[in-house]
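The chain contents come next:
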Amino acid sequence: TIMYGANDSYIDKGKDQPRLSKEQFEANLNKLLEQCKKAGIKPILMTSNSYGRTPTKNGAGNNPNDLLAQYMETTRKVAKQTGTPLVDHFDFWTMQNSNGTDVGKWTTDQLRPNVLGHQKMAELMLPVVLEEVLVLPLADVDAPAATADDHARPGLRKRQAGIAPGFARRHDAEQRRSRVALRIG
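Residues numbered from 1 in each chain as written. Predicted model: local features only at pLDDT ≥ 70, side-chain atom pairs only at ≥ 80, totals over all residues. Heavy atoms only, no water.

Caption draft 1: How the structure looks around the environment of Gln119. Along the chain, the position of Gln119 falls in helix H5 (residues 115-138). On a C-alpha basis, the gap between Gln119 and Trp106 in space is 9.1 Å, while along the polypeptide they are 13 residues apart. (Helix = DSSP H or I, 4+ residues; strand = E, 2+ residues; numbered from the N terminus.)

Following this line, the structure appears as structure tokens:
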């Protein structure tokens, strides 16, 4: 997944322009997508989540969501132009805020997601990731051939690089384990 824009669109104190122009931002997104595809990676673009209701004003004295919204529109445009799947966190968080939910409570600082914010993001991401990783490759199963042969097992018509079920090895799980103790309950 590729998600960025909140830092790029931000105007620092004493400045009157964002850290990156929208043109630079768009060019960077396209370059990242191109590099992923060259490496055989199926990218998924994501918009950044919106700020909560009470963010600190940016360097120009404005709500940072105003400029971030424009950058997220660029992300949507690039996703559409390139046929890249999109998870629209910005739209979801903005809609939740409009419907009375204080999404600032999903963050540590009105922007960076806390545990609840990450849970909301994961819930939005999961259907898109599953479709890209599981459903689309399995849609290529040769059903007529499989039903014609009593001994046939499910499989893909054409093997696809980088797509294979697998189980975590012991050292993989150790590398991914949480480094921070979380208290649940």
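Once you've had a look at it, read on.
Caption draft 2: Expanded view of the pattern of salt bridges. One pass over the full model with this rule turns up seven salt bridges. For Glu73, the salt bridge is made with Arg76, and the minimal N-O distance between the two is 3.0 Å. A residue pair is termed a helical-turn pair when its members lie 3 or 4 positions apart in one helix, as Glu73 and Arg76 do in helix H3 (residues 64-82) at three residues. According to the relative accessible area criterion, Glu73 is partly exposed, its value standing at 45%. For Arg76, the salt bridge goes to Asp88, with nearest N and O atoms at 2.5 Å. Note that Arg76 is positioned in helix H3 and Asp88 in strand S3 (residues 86-88), a separation of twelve residues in sequence. What you see here is one network of salt bridges that share partners, running through Glu73, Arg76 and Asp88. (Salt bridge = Lys/Arg side-chain N within 4 Å of Asp/Glu carboxyl O. Buried < 20%, exposed > 50% of the residue type's maximum accessible area, 1.4 Å probe, protein only.)

It is worth stressing that arrangement in space is one thing and function is another; only the former is reported here.
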